[in-house]
Amino acid sequence: MSKHYKPNPFPLAMHFPIMIDGEITDTEDYREEFDMILQANEGDLITVMISSHGGNLSTGLRFYSLLRESPAHTVAIIETHAHSAASIIALGCNEIRAQPYSEMLIHSCSYGTGGSHPDIRAYVNHSEKMMNKIIPEVYEGFLSEERIAEVLRGEQLWLFADDVQEAIANRNKYFESKQKQLIAEQQAEMEQMFEDELLPEWVLNKLTKAQLVQFIQGSIDLDYDEESKSVKIIPIDTGDKE
C-alpha cells in the first residue's frame, strides 16, 4: 500500500475519502489531500481512514488545522492504529470512529536532531514550549486535565478501541457543555446591555440577534445617527484568519 492514498472525490453531496497509512511524511507529500479538504463545502463529507504509526508533526498539525476549519462534516475512522501525529489528525475531525481492536498512542514529542550543545538545548526548549501549547488544545475534552498533564510530563498513553470510544463520548459532552455555557454568557451580556442601555433602544431594535452577538463578541462595530435613525454595521478585523 502506498504511503498515502490519492483521493478521488465523487458527487453525492460530495464525498472526499482520504487514506492516511504508513509513516506520515513531509507536508509537500500531501498537497492533493490538502487541496481536497480545501475544496469541500458545507454539506460535503470528508472521511479520513487512519492506519499509521505517526511521523511528521508539522504534517499532522496541517491536517488538524484544515479539518477543524473545514465547513464539511469530517469523520476519522481509526482502522488499526492512530499513533502520535496520526492521533492529532483524528482529533481534527468532527466525528471519530474506532474499529474493533484499533488503538491510539498519545505522547509528547521525540527528538531527532544534531548540532552543537546550545543548538540542541534551544531545539529541545522550543519543542517543549510548542508541545505545552499543542497537546492541551488538540486533546481538550478528549483527555482529562490529569491525563494531559501526564502526557506533558513525558508519559505515553495507550488507548484501545473501547478507551477511544469513551474518550470520544467525553469530548462530545465537553464541547456541548462548553457551547451551552457560551450561549448562556452571550445571552446574559445581551440582557445586561438592555438593562444598562449601552445602546439606544431604537438601535437595538434595528439589529438582528446575530448582529447583537457579533457586536458583543467584538467582530462588528456600530455607527449610528440619532437624527436620521440610521445604523451602519462596520466589520472589525480580529486577526484570527491565517
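First, a word on scope: everything that follows refers to the structure included in this document.

Take the overall build of the protein next. Along the protein, the regular secondary structure elements total eight helices and eight strands. When burial is assessed residue by residue, the protein has 38% of its 242 residues classed as buried. Restricting the contact set of the protein to residue pairs at least 6 apart, pairs at least 24 apart contribute 61%. Summed over all atoms, the accessible surface of the protein reaches about 14,500 Å², with 50% contributed by carbon and sulfur.

In this structure, Ser 70 sits in the loop between α2 (57-69) and β3 (73-83). In contact with Ser 70, not counting residues within four places along its chain, are Ile 37, Ala 40 and Ile 46.

Relative to the assigned elements, His 15 resides in strand β1 (residues 15-21). The class for His 15 is buried, based on a relative accessible area of 16%. Polar side-chain contacts of His 15 include one of 2.9 Å to the side chain of Thr 47.

So, about the environment of Asn 172. As for its position among the elements, Asn 172 is in helix α6 (residues 161-196). For the pair Asn 172 and Glu 95, spaced 77 residues apart in sequence, the C-alpha separation works out to 9.0 Å.

Unusually for a residue other than glycine, Ser 84 sits at a positive phi of about 55°. Along the polypeptide, Ser 84 turns up in the loop between β3 and α3 (85-91). Phi is positive for Lys 229, close to 55°, though the residue is something other than glycine. Topologically, Lys 229 is positioned in the loop between β7 (220-225) and β8 (230-235). According to the relative accessible area criterion, Lys 229 is partly exposed, its value standing at 36%.

A few words on the pairing of strand β6 (residues 157-160). Side chains Leu 157 and Leu 159 of β6 all project onto a buried face; the interleaved residues Trp 158 and Phe 160 project onto a face where none is buried. Across four bridges, the pairing between strand β5 (residues 103-106) and β6 is antiparallel. Note that in β6 the partner of Ile 106 across the bridge is Leu 157.

Moving on, we get to the environment of His 83. Looking at the secondary structure, you find His 83 in strand β3. On the accessibility criterion, His 83 (5% relative accessible area) is buried. In this structure, the C-alpha to C-alpha distance between His 83 and Gly 54, residues 29 residues apart in sequence, is 5.1 Å. Apart from residues no more than four positions distant in its own chain, His 83 is found in contact with Ser 52, His 53, Gly 54, Glu 103, Met 104, Leu 105 and Trp 158.

Residues Ile 96 and Ala 98 line the buried face of strand β4 (residues 95-98), whereas the alternating positions Glu 95 and Arg 97 sit on a face that is not buried. Relative to β4, β3 is paired through four bridges, and the arrangement is parallel. Residue pairing for β4: Val 75 is matched across the bridge by Glu 95. Each parallel crossover has a hand, and the one from β3 via α3 to β4 is right-handed.

Another point: the pattern of salt bridges. Throughout the structure, instances matching the rule amount to six salt bridges. For the salt bridge of Lys 133 with Glu 137, the shortest nitrogen-to-oxygen distance reads 3.7 Å. Pair noted here: Lys 133 and Glu 137 are both in helix α4 (residues 117-138), with a separation of four residues, about one helical turn. Judged by its relative accessible area of 58%, Lys 133 is exposed.

On the surface, a cluster of negative charge is made up of Asp 221, Asp 223, Asp 225 and Glu 227. Note that Asp 225 resides in strand β7.

Let us now look at the packing of aromatic side chains. According to the stated counting rule, one finds five aromatic pairs in the structure shown. Relative to Phe 34, the ring of Tyr 30 lies with its centre 6.5 Å away and its plane at 40°, an arrangement referred to as tilted. Here the two residues Tyr 30 and Phe 34 agree in accessibility, since each one is buried. Aromatic side chains Tyr 174 and Phe 175 sit 5.1 Å apart centroid to centroid with 90° between the ring planes, which places their arrangement in the edge-to-face category. Given the relative accessible area of 33%, Tyr 174 is considered partly exposed. Taken together, the ring pairs in this structure connect Tyr 30, Phe 34 and Phe 63 into an aromatic cluster. Arg 62 extends its terminal NZ or CZ atom over the ring of Phe 34, reaching a point 5.7 Å from the ring centre.

Parameters at a glance
- Residues numbered from 1 in each chain as written.
- Predicted model: local features only at pLDDT ≥ 70, side-chain atom pairs only at ≥ 80, totals over all residues.
- Heavy atoms only, no water.
- Helix = DSSP H or I, 4+ residues; strand = E, 2+ residues; numbered from the N terminus.
- Buried < 20%, exposed > 50% of the residue type's maximum accessible area, 1.4 Å probe, protein only.
- Contact = heavy atoms within 4.5 Å.
- Areas by Shrake-Rupley, 256 points an atom, 1.4 Å probe, with all protein chains shown as cover.
- Polar contact = N/O pair within 3.5 Å; in protein donor to acceptor, adjacent residues only side chain to side chain.
- Pairing = 2+ DSSP bridges.
- Right-handed = clockwise from strand over helix to strand, strands pointing away.
- Salt bridge = Lys/Arg side-chain N within 4 Å of Asp/Glu carboxyl O.
- Patch = residues over 30% accessible without salt bridge, like charges linked within 9 Å, V, L, I, M, F, W, Y side chains within 5 Å.
- Lys, Arg positive; Asp, Glu negative; His and termini not counted.
- Charge placed at Lys NZ, Arg CZ, Asp CG, Glu CD.
- Phe/Tyr/Trp six-rings, centres within 6.5 Å; stacked < 30°, edge-to-face > 60°.
- Lys NZ or Arg CZ within 6 Å of the ring centre and 35° of its normal.

Worth remembering: the numbers are spatial, not functional.
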